[in-house]
Amino acid sequence: MARICLNVLVGIPASGKTTYCQQIAAFPNRTFKVVHVCYDTYIEIDRRFDDFCSEAGSYKMRRQTLLSSVEAIICAIKEGDSVTLNDLLSSWKQDFEHPLEISSCSVATEDYLFLIDDNNYYRSMRWDWARMARKFSLGFFETYFAISLQIALERNDKRKDPVSGDAIARMWTRLEKPCKELFPWEQNANYIQGRLDKASIFAKINQCLANPEKLSETPSSVASPSMEQSDVHKLDILLRKAISKKMSLVKDSMAKEELKSYVDILQERKKFILEQMRQGEQNVPGELLPALVEELF
């Protein structure tokens, strides 16, 4: 039976996600087929971010359609049903205007790597894929592209068809980094901060193919009451210090207005995190706050 692994990418536009996918597909001697599910090709979230925000429910509906289509394709692959698979791939082209390509490799194999190339800035977006992995016993891991907002904006400006800088900033503000300490299902997250370590990536893919997820009732988030007010206050102080640290790293390289805009984005991110804490969407024990604040911020 076919073995399938989902590699869910996490990162703002211009952080290197699609380049990562292209490099994996081009790896010589790989022993698995590659299915590149690029949201920017099929949904164009990066370039249509404002449109989706103004059309209530449209973005969520498009995402759900894509998710369901991938699930059906995975079922056909797992069952070895080539007729249904070909029908689904034909339907995909009609639904999303572009074909879904399955890149073959130089050896006979029934292993597949699905690259879920999206920003996935909310944890709930990634949980949809983790839940699918558990439902169908698929391999699963996340790849987080750790890049500063400033570098991403600089890269974006050099693109032939750049994304709105404001859209990138808003995604960066809302991005929830993988955090295995709070969410055990994110324990297989890889961090990309520079050049790709091909050996490490291949080892992770093979590990996840050999050790698929198991069906579990584990919820998508930590079920816990709202944080104590004293811990929220402590977190507020830690986030203020984190903002000061980030400002000190860029203040000499930014113009006054540019720095002000950057600080506004940091403050919005801080407000977003604190609100999650107050509502109990994320709950960190007080003693772990200093160690985890960078993960959350």
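Residues numbered from 1 in each chain as written. Predicted model: local features only at pLDDT ≥ 70, side-chain atom pairs only at ≥ 80, totals over all residues. Heavy atoms only, no water.

Asks: Which residues make up the packing of aromatic side chains, and what values do they have?
Replies: In this structure the tally under the stated criterion is 10 aromatic pairs. Judged by centre distance (4.5 Å) and plane angle (45°), the ring pair of Trp-92 and Phe-96 falls under tilted. One end of the pair is Trp-92 and the other is Phe-96, both in helix H5 (residues 82-96) and four residues apart, which spans about a single turn. Classification of Phe-96 by relative accessible area gives buried; the value is 2%. What links up through ring pairs into an aromatic cluster is the set Phe-27, Phe-32 and Phe-202. (Phe/Tyr/Trp six-rings, centres within 6.5 Å; stacked < 30°, edge-to-face > 60°. Helix = DSSP H or I, 4+ residues; strand = E, 2+ residues; numbered from the N terminus. Buried < 20%, exposed > 50% of the residue type's maximum accessible area, 1.4 Å probe, protein only.)

Asks: So what's going on with helix H6 (residues 123-136)? Residues and values would help.
Replies: In this model H6 runs 20 Å from its N-terminal to its C-terminal C-alpha over 14 residues, within 8% of the 20 Å that 1.5 Å per residue would give. Counting buried residues in H6 gives 10 out of 14 residues, a clear majority hidden from the surface. Looking one or two residues beyond H6, the residue adopting positive phi is Ser-137, at roughly 55°. (Expected span 1.5 Å × (residues − 1).)

Asks: Got a sec to walk through the packing of helix H7 (residues 149-157) against helix H8 (residues 165-174)? Specific residues and values, please.
Replies: Remark: H7 packs on H8, axes separated minimally by 10 Å, with the N-to-C direction vectors making an angle of 150°. Classed by the angle they form, the pair H7 and H8 counts as roughly antiparallel. Considering the relative orientation of H7 and H8, their crossing is right-handed. Contacts from Leu-149, Leu-153 and Asn-156 of H7 reach H8 at Gly-165, Ile-168, Ala-169 and Trp-172. Class assignment of the residues belonging to the contact of H7 with H8 gives a composition of five nonpolar, two polar and no charged. (Axes fitted to C-alpha atoms, helices over the stretch in contact; angles between N-to-C directions. Parallel < 35°, antiparallel > 145°, perpendicular 65-115°, else oblique. Left-handed = near helix turned anticlockwise from the far one by under 90°. Contact = heavy atoms within 4.5 Å. Nonpolar A, V, L, I, M, F, W, Y, C, P; charged D, E, K, R; others polar.)

Asks: Can you explain the nonpolar core? Please cite residues and give values.
Replies: Counting 61 residues, the largest nonpolar core has Leu-6, Ile-12, Val-37, Leu-66, Trp-92, Phe-114 and Trp-129 as the members making the most contacts within it. It is helix H4 (residues 58-79) that contributes the most residues to this core, eight residues altogether. Contact partners of Leu-66, with chain neighbours within four places excluded, come to Val-37, Tyr-39, Tyr-42, Ile-43, Trp-92, Phe-96 and Trp-129. Membership of the second largest hydrophobic core comes to 18 residues, among which are Phe-32, Phe-141, Phe-145 and Ile-205. (Core = buried A, V, L, I, M, F, W, Y, C linked by side-chain atoms within 4.5 Å.)

Asks: Report on the sheet that holds strand E1 (residues 3-10), specifying residues and quantitative values.
Replies: Pairing is mixed across the open sheet formed by six strands, whose spatial order is E3-E2-E4-E1-E5-E6. Every interior strand has two partners, whereas the edge strands, strand E3 (102-103) and strand E6 (190-192), have only one. Summarising the sheet, strand E2 (residues 33-38) and E3 pair through two bridges and their orientation is antiparallel. Within E3, the position partnered with Val-35 by the bridge is Ile-102. Against the sheet, helix H1 (residues 17-26) touches E1, E2, strand E4 (111-117), strand E5 (139-145) and E6, its axis set at about 165° to E4. (Pairing = 2+ DSSP bridges.)

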